[in-house]
Amino acid sequence: MEKIVNRGLTQRITVLPHEVASKIAAGEVIERPSSIVKELLENAIDAGATDVAVDLRGGGKEAIRIADNGSGISPQEVAVAFERHATSKILTVADLYGVRSFGFRGEALPSIAAVSRVEMATRRRDDVEGTRIVVENGAVLENEAVGCPEGTTIAVSRIFGSLPVRRKFLRQDATEQGHCLDIIVRVLLPHGRVRARVTAGERTLLEVPRTETLRDRIVLLLGSDLRNHLIPVEAGAPGMRLWGFVSRPDFTRSSTRSLFFYVNGRYVRDALLSQAVMNAYRNLLEARKYPACAVFLEMPPETIDVNVHPAKLEVRFRRPQDVRELIRQGLVEALSGVRPAAGSPPASGMARWQVAPGRFGTAEALLRYSLSAGIAAHRPSPSVRPLEDVPDFGTEPEELFTQGASPRRPIAFSSLEYLGQVEATYLVFAAPGTMILIDQHAAHERILYESLRAPRGGRPEAQSLLIPEIMELSPGDFQLLAASRDLLLEAGVEVEPFGENTAVVKSVPALLADTDVRALVREILDGISDSGIPQDEKRNRILIRMACRGAVKARQVLAVDEVRRMCRDLDSIPFASNCPHGRPVFVEFPATTIERMFKRA
Ligand code: ADP
Ligand code: MG
């Protein structure tokens, strides 16, 4: 037995040769070409660059070249920069918890150089001469003075040349290129002052101009279809701040790829943040639809650990519950007030995409790093700075972007001019600069849902039935009904057993007094029959089913005063943009769209 276990092992503990150890470490930071792109781009931004050119060959597998106009590196420091844990950004462990720059571990350059050939030319503005250095597989091959432009140019080739296995795991060029573009977009988004050009040889893949406002930057990088669907979010809690933009519920994507999060300026992927955002959109989006957002969180650096992930893509919050609550607060406020908007926004410059955005590789693949404890173990005691301090991070949004005026002005439903009903289903309205259609069923559904959900007394007002409804049920439904009595009572539906497999319905919510009670109860039972549904979701589903049953249907002629009342009701409730199934309550036709339809624009 022992023989088998030991076969092939040296039986002695040995310290790995430097070359092997550094390759293992490098593998954690550099998983694929896009990891290299991310590190180099972040270095350029850390160095204050305002112009960056990225060239990718073979999707970044053959070669990556990044040129910046940043600070450059002094001749004495060039070689040092390639040594492990060489960084100009922190000096002490305490600094580690106050980092504002992207880099700080001093690992990127040595890691990249450990698995490829790196050629760097760099010159500081006031230096007469620059420096050219070549490092391959961790060894400095050349280090000499040269003439070169101000800033830093790094060319990386023979990527994973000495790690054929790792190389084999790389995907097709198009996929790797997609990963690279994806990370470039994520890193560039908050930096409106940075202009970038991404090429693949002769081909331009992406051109990002400078932008004044965050809104412009988001539209530029996430797609112009978002332009009219962004709402600002802003929320604060002691020591924390949230700001940015989220998409209105009338805009959806079919993946979570358009969720962008930044913590203290650093792009992160974080399940907690995504979940908190998705929660805020609950009952506003259809199934398997996702919003877009660029959400920035600012908090004292010592309340987060950015050092839990080799590529710093994940963070650990000291108070996750506070972060969740902040997001909930900010998004609920933004989303609950969505209304039709007057006028139409001015157009502005767009990034020129030369690849279909759909071709982007999923960023998920970037995340297959395992967590590494690293120096996180040396975390200082949390008493470094009281949380109550209003954080001063030096990267206030105003500094990154001028505040862009919101291009659209929301208008109350009741101030819309009612023009008439189409197909006895859609209500047509006019307002300055726009035409609006409302789906009468969806609108009424949301009104009822909100009214049932948040009545003043805690539960919806119930109305006793003059003639209680006796229902014969299947044994299964009878059981379910008996087991759900309390839930139903909370929702204003009073039922009691009435002999074998028979129940009597004694009251329903007053708002639903005119509905078919049997149909209502059957529908509710359908909605909660799956035993795996948590209680809270059952409660929600009961309300949704009730709202759906009670709402005016399509193909129902409405009198003008009924339409007026509906508009007033819509004004009085939150989340009036979508029915509780996530379908839109209203659709807008801005005048510019109509003009285009008539070929006037
Ligand atoms: P880190 O970014 O974590 O400090 P890196 O290995 O990425 O570590 O870089 C090491 C050092 O090299 C940086 O701290 C910085 O001083 C310098 N450096 C790297 N890239 C650039 C660049 N593009 N422009 C100026 N300095 C750079
Ligand atoms: Mg770095």
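Worth saying up front: this structure is predicted, and the values here are computed from it rather than measured.

Procedures and definitions
- Residues numbered from 1 in each chain as written.
- Chains lettered and ligands numbered in written order.
- Predicted model: local features only at pLDDT ≥ 70, side-chain atom pairs only at ≥ 80, totals over all residues.
- Heavy atoms only, no water.
- Helix = DSSP H or I, 4+ residues; strand = E, 2+ residues; numbered from the N terminus.
- Contact = heavy atoms within 4.5 Å.
- Areas by Shrake-Rupley, 256 points an atom, 1.4 Å probe, with all protein chains shown as cover.
- Pairing = 2+ DSSP bridges.
- Axes fitted to C-alpha atoms, helices over the stretch in contact; angles between N-to-C directions.
- Phe/Tyr/Trp six-rings, centres within 6.5 Å; stacked < 30°, edge-to-face > 60°.
- Buried < 20%, exposed > 50% of the residue type's maximum accessible area, 1.4 Å probe, protein only.
- Lys NZ or Arg CZ within 6 Å of the ring centre and 35° of its normal.
- Salt bridge = Lys/Arg side-chain N within 4 Å of Asp/Glu carboxyl O.
- Core = buried A, V, L, I, M, F, W, Y, C linked by side-chain atoms within 4.5 Å.
- Domains from an automatic or database assignment.
- pLDDT = per-residue confidence, 0-100.
- Left-handed = near helix turned anticlockwise from the far one by under 90°.
- Nonpolar A, V, L, I, M, F, W, Y, C, P; charged D, E, K, R; others polar.

## Some words on the overall build of the chain
Phase 1 of the analysis: Along its length, the chain carries 19 helices and 25 strands.
Phase 2 of the analysis: At a minimum sequence separation of 6, the contacts of the chain that also span at least 24 residues come to 73%.
Phase 3 of the analysis: Summing over all exposed atoms, the chain offers an accessible surface of approximately 28,400 Å²; the carbon and sulfur share of this is 52%.

## A few points about the sheet that holds strand β21 (residues 434-439)
Phase 1 of the analysis: One open sheet holds the 4 strands; their spatial order is β19-β20-β21-β25, and the pairing between them is antiparallel. The open sheet has two free edges, formed respectively by β19 (417-422) and β25 (586-590), since each of these has just one partner strand. Each neighbouring strand pair of the sheet contributes to a mean axis angle of 20°, computed without reference to strand direction.
Phase 2 of the analysis: For β19 and strand β20 (residues 426-431), the ladder comprises 5 bridges, and the chain directions are antiparallel.

## With respect to the packing of aromatic side chains
Phase 1 of the analysis: Summed over all chains, the structure comprises 6 aromatic pairs.
Phase 2 of the analysis: Relative to Phe296, the ring of Tyr262 lies with its centre 4.8 Å away and its plane at 15°, an arrangement referred to as stacked. Of this pair, Tyr262 sits in strand β11 (residues 259-263) while Phe296 sits in strand β13 (residues 293-298), placing them 34 residues apart in sequence. No difference in accessibility class separates Tyr262 from Phe296, as the two residues are buried.
Phase 3 of the analysis: With a centroid separation of 5.3 Å and an interplanar angle of 45°, the aromatic rings of Tyr418 and Phe429 are classed as tilted. Pair noted here: Tyr418 is in strand β19 and Phe429 is in strand β20, with a separation of 11 residues, a long-range link.
Phase 4 of the analysis: Positioned over the ring face of Phe260 is Arg186, at 4.1 Å from the centre of the ring.

## Considering the environment of Asp322
Phase 1 of the analysis: For Asp322, the location among the structural elements is in helix α11 (residues 320-336).
Phase 2 of the analysis: Judged by its relative accessible area of 32%, Asp322 is partly exposed.
Phase 3 of the analysis: Between the C-alpha atoms of Asp322 and Pro238, which are 84 residues apart in sequence, the distance is 9.6 Å.

## Thoughts on unusual backbone geometry
Phase 1 of the analysis: Positive phi values are uncommon outside glycine, yet Asn264 reaches one of about 50°.
Phase 2 of the analysis: Within the secondary structure, Asn264 sits in the loop between β11 and β12 (266-268).
Phase 3 of the analysis: According to the relative accessible area criterion, Asn264 is buried, its value standing at 7%.
Phase 4 of the analysis: Located in the positive-phi region is Lys599, a residue other than glycine, with phi close to 55°.
Phase 5 of the analysis: Turning to its location among the elements, Lys599 is positioned in the segment after α19 (591-597).
Phase 6 of the analysis: When its relative accessible area of 73% is taken as the criterion, Lys599 is described as exposed.

## Let's talk about the pairing of β21
Phase 1 of the analysis: Only one face of β21 is buried: it carries Thr434, Ile436 and Ile438, and the other face, with Met435, Leu437 and Asp439, is open.
Phase 2 of the analysis: Relative to β21, β20 runs antiparallel, the two being bridged by 6 bridges. Along β21, the bridge assignment pairs Tyr426 with Asp439.
Phase 3 of the analysis: A loop of 2 residues connects β20 with β21, the two strands running antiparallel in sequence, and Gly433 in this loop sits at a positive phi of about 75°.
Phase 4 of the analysis: In this sheet, β25 lies alongside β21 in antiparallel orientation, the contact comprising 5 bridges. When the bridges of β25 are listed, Thr434 appears paired with Pro590.

## Some details on the pattern of salt bridges
Charged atoms that come close allow side chains of opposite charge to pair.
Phase 1 of the analysis: One pass over the structure, following the stated rule, counts 34 salt bridges.
Phase 2 of the analysis: A salt bridge links Glu537 to Arg282, with the nearest nitrogen and oxygen atoms 3.2 Å apart. Residue Glu537 is located in helix α17 (residues 535-550), and its partner Arg282 is located in the loop between α10 (271-280) and β13; the two are separated by 255 residues in the primary sequence.
Phase 3 of the analysis: The exposure class assigned to Glu537 is partly exposed, which follows from its relative accessible area of 21%.
Phase 4 of the analysis: Between Glu490 and Arg539 there is a salt bridge, and its shortest N-O distance comes to 2.8 Å. In this pair, Glu490 is assigned in helix α15 (residues 485-490) and Arg539 in helix α17, connecting sequence segments 49 residues apart.
Phase 5 of the analysis: Judged by its relative accessible area of 31%, Glu490 is partly exposed.
Phase 6 of the analysis: If you follow the salt bridges from partner to partner, you end up with Glu119, Arg132, Glu142 and Glu144 in one network.

## Looking at the sheet that holds strand β22 (residues 462-472)
Phase 1 of the analysis: Spatial strand order, β22-β24-β23: 3 strands in an open sheet with antiparallel pairing. Edge positions in the open sheet fall to β22 and β23 (494-497), since each of these has one partner strand only. On average, each strand axis in the sheet is tilted by 20° relative to the strand beside it, whichever way the strands run.
Phase 2 of the analysis: Note that β22 and strand β24 (residues 502-509) share 7 bridges and pair antiparallel.

## Concerning the environment of Val587
Phase 1 of the analysis: Here Val587 lies in strand β25.
Phase 2 of the analysis: The partly exposed category is assigned to Val587, whose relative accessible area is 40%.
Phase 3 of the analysis: When neighbours within four sequence positions are excluded, Val587 is seen to be in contact with Met435, Ile436 and Leu437.

## Here we look at the pairing of strand β8 (residues 203-208)
Phase 1 of the analysis: One ladder, built from 5 bridges, connects strand β7 (residues 195-200) with β8; its direction is antiparallel. In the strand pairing of β8, Arg197 is matched with Glu207.
Phase 2 of the analysis: In sequence, β7 turns back onto β8 through a hairpin of 2 residues, with Gly201 there showing a positive phi of about 65°.

## Digging into the nonpolar core
Phase 1 of the analysis: In terms of nonpolar packing, the biggest core is built from 66 residues, with Val156, Leu189 and Ile218 touching the most fellow members.
Phase 2 of the analysis: Considering each element in turn, this core owes the most residues, 7 residues, to helix α8 (residues 173-188).
Phase 3 of the analysis: When residues are assigned to domains, this core turns out to be shared by domain 1 (18-188) and domain 2 (229-342), each giving three or more.
Phase 4 of the analysis: Ile218 has contacts with Leu189, Gly223, Leu226, Leu230, Phe245 and Ala294, leaving out every residue within four places of it along the chain.

## Notes on the confidence of the model for the chain
Phase 1 of the analysis: For the chain, mean pLDDT is 84; residues scoring 70 or higher make up 82% of the total.
Phase 2 of the analysis: Segment residues 1-6: pLDDT under 50, and 1 contact once partners within four positions in sequence are set aside and those in other chains are kept.

## Focus on the packing of helix α16 (residues 517-528) against α17
When two helices pack together, their arrangement is given by the angle between the helix axes and by the axis-to-axis distance.
Phase 1 of the analysis: With their axes 9 Å apart at the nearest point, α16 and α17 run at an angle of 145° to one another. For the element pair α16 and α17, the recorded crossing hand is right-handed. Contacts from Ala519, Leu520, Glu523, Ile524, Asp526, Gly527 and Ile528 of α16 reach α17 at Lys538, Arg541, Ile542, Arg545, Met546 and Arg549.
Phase 2 of the analysis: Looking at the contact of α16 with α17 residue by residue, the class counts come to 6 nonpolar, 1 polar and 6 charged.

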